[in-house]
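# Coordinate analysis (summary)
Below, each chain spelled out in residue letters.
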Amino acid sequence: MSGELSNVERLRMLHAVWRRGSLAAAAELLHVTPSAISQQLTKLEREAGTGLLVRHGRGVRLTPAGLLLAQRSERVLAELRAARADLDSLTGETTGVVEIGAIPSGVHTFITPALTGLAVRYPGIEVRLHEVEPEEALPALADGVFDVVVVESWENLPLTRPPSTRWTVLRDDAATIVLPAGHRLAGADSIRAEDLADEIWVAWARPTLANAWIRHTLRERGIEPTVRHTVSGFGTQFAVVAGLGAVTVVPGMATTIAPPTVVCAPLEPVLHRRLYAVQPHGETRPAVAECVAALVEAARSWGASGS
């Protein structure tokens, strides 16, 4: 981290420590090191004239003053978002930076085209796209790290909606089984998970909601899966399926990057998920509204013509 940060940024760090419970978790959320947060909060303590954090075991906890400031910072950050929206409206132009967090399968399919088209229509909007899973994206949205997040919610493991958020439906999708090209079921029109009960499975790395989802999905079908491989990224999962003879289940949209060394078939019975664009309830910036509109348009167009 270079340069001198403002007290607003330090308040954002304190807020993240409060919301996430530790320096390490806050650092992961903000994409900085724990030591960087510690240094900045030491400076904030000097400004405040009192201690904000105390050591607690291997971690830290907020002092009464730290808790008070963290709680007040939530209102400060919300007011800053509102002020930024008011300033944007005064100019009469749709401009500004929009931070977007999104699930990988969305990035692979409709999100990049959506933002490409947005840049043509509104060159004054600077979009910053970050690939992130829902369990990280939603807390980061609450902490002001993102302005919009694209998340998935499976019908058999739905997301909990945080308060003060607005959810816009983007599109639906369904689970797909992925097999090695030479698998005995490679030619099937659809596949029951029960027919793969004795297979070796590959899943997303722990601890992630995606890892929990695949295990939950198989267990509710009476299968205790043998998950021998855990990796991050759909491309890596497909490589493990092809190279090590494992099987997996992924969102259908993820199969757009599947190589010819694997085959894909719908999971039977069909299991759906829904994708949403989520933003803070009080968000009124025109640039954010145009980003959401572009995501909606691209998602629905991809649904009509995508494979």
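In this text the structure is predicted, and so the values were computed from the model without any measurement.

The number of helices and strands found in the protein chain is nine helices and twelve strands. The dimensions of the protein chain, computed from C-alpha atoms along their principal axes, are 70 × 50 × 30 Å. A fraction of 74% describes how many contacts in the protein chain between residues 6 or more apart in sequence connect residues 24 or more apart. For the protein chain, the exposed area adds up to about 14,600 Å²; of that, 53% sits on carbon and sulfur atoms. Distance between charge centroids for the protein chain: 6 Å, based on 29 positive and 33 negative side chains.

Let us look at the pairing of strand E6 (residues 165-180). Sheet topology note: the E6/strand E12 (residues 272-280) ladder contains nine bridges and is antiparallel. In the sheet register, Asp172 faces E12, and the bridge partner there is Arg274. By the bridge criterion, four bridges tie E6 to strand E10 (residues 248-251) in an arrangement that is antiparallel. Across the sheet, the residue bridging to Val178 is Thr248, located in E10. Alignment of E6 against strand E11 (residues 262-268), held across five bridges, turns out to be antiparallel. Its bridge partner being in E11, Val178 is matched across the sheet by Cys264.

Let us now look at empty space enclosed by the protein. Applying the stated rule across the entire model yields two cavities of 30 Å³ or more. Roughly 140 Å³ of volume is contained in the largest cavity. Lining the largest cavity are 19 residues, with Glu152, Trp204, Ala210, Phe234 and Pro251 positioned closest to its centre. Listing elements by their share of the lining of the largest cavity, those giving two or more residues are helix H5 (104-121), strand E5 (148-154), strand E8 (200-204), helix H7 (209-219), helix H8 (234-244) and E10. The greatest single-element share of the lining of the largest cavity, amounting to four residues, is contributed by E10. Of the residues belonging to the lining of the largest cavity, the class tally is 13 nonpolar, three polar and three charged. The calculated volume of the second largest cavity comes to roughly 60 Å³. As for the second largest cavity, its lining consists of Glu133, Pro134, Glu135, Glu152, Ser153, Trp154, Leu157, Leu159, Leu209, Ala210 and Trp213.

Turning our attention to the packing of helix H1 (residues 7-20) against helix H2 (residues 23-30). For the pair H1 and H2, interaxial distance at closest approach is 8 Å and the crossing angle is 120°. With respect to H2, the element H1 is oriented oblique. The crossing of H1 and H2 is right-handed. Every residue of H2 that contacts H1 at Arg12, Met13, Ala16, Val17 and Arg20 is listed here: Leu23, Ala25, Ala26, Leu29 and Leu30. Here the residues of the contact of H1 with H2 sort into eight nonpolar, no polar and two charged.

Counting buried positions over the seven residues of E5 gives seven, a clear majority of the element. In E5, alternate side chains face the same way, and those of Val148, Val150, Glu152 and Trp154 on one face and Val149, Val151 and Ser153 on the other are all buried. Bridge count for strand E3 (residues 96-102) against E5 is three bridges, and the pairing is parallel. Within E5, the residue paired with Ala102 across the bridge is Val150. Direction of pairing for E5 relative to E12: antiparallel, over a ladder of six bridges. Across the sheet, residue Glu152 finds its bridge partner in E12, namely Leu275.

This paragraph deals with the nonpolar core. Counting residues in hydrophobic clusters, the biggest one holds 30 residues, and the most contacted among them are Val17, Ile37, Leu41, Val149, Val151 and Val278. For this core, the elements supplying multiple residues, two or more each, are H1, H2, helix H3 (34-48), strand E2 (59-62), helix H6 (134-142), E5 and E12. Once residues lying within four places of it in the same chain are set aside, the contact partners of Val278 are Leu138, Leu141, Asp147, Val148, Val149, Val151, Thr165, Arg166 and Trp167. Ile100, Ile111, Leu170 and Leu275 belong to the second-largest nonpolar core, a separate cluster that totals 27 residues.

The next point concerns the pattern of salt bridges. What the rule picks out here adds up to twelve salt bridges. Glu99 is the salt-bridge partner of Arg128, the closest N and O atoms lying 3.1 Å from each other. Taken as a pair, Arg128 in strand E4 (residues 125-131) and Glu99 in strand E3 lie far apart in primary sequence, 29 residues in all. The class for Arg128 is partly exposed, based on a relative accessible area of 37%. In the salt-bridge network here, residues are joined through shared partners; they are Glu99, Glu126 and Arg128.

Conventions used here
Residues numbered from 1 in each chain as written. Predicted model: local features only at pLDDT ≥ 70, side-chain atom pairs only at ≥ 80, totals over all residues. Heavy atoms only, no water. Helix = DSSP H or I, 4+ residues; strand = E, 2+ residues; numbered from the N terminus. Contact = heavy atoms within 4.5 Å. Areas by Shrake-Rupley, 256 points an atom, 1.4 Å probe, with all protein chains shown as cover. Lys, Arg positive; Asp, Glu negative; His and termini not counted. Charge placed at Lys NZ, Arg CZ, Asp CG, Glu CD. Pairing = 2+ DSSP bridges. 1 Å grid on protein atoms, 1.4 Å probe; cavity = no way out; pocket = protein on both sides within 12 Å on 5 of 7 lines; lining within 4 Å. Points joined across faces, edges and corners; volume = space filled by probe spheres on them. Nonpolar A, V, L, I, M, F, W, Y, C, P; charged D, E, K, R; others polar. Axes fitted to C-alpha atoms, helices over the stretch in contact; angles between N-to-C directions. Parallel < 35°, antiparallel > 145°, perpendicular 65-115°, else oblique. Left-handed = near helix turned anticlockwise from the far one by under 90°. Buried < 20%, exposed > 50% of the residue type's maximum accessible area, 1.4 Å probe, protein only. Core = buried A, V, L, I, M, F, W, Y, C linked by side-chain atoms within 4.5 Å. Salt bridge = Lys/Arg side-chain N within 4 Å of Asp/Glu carboxyl O.

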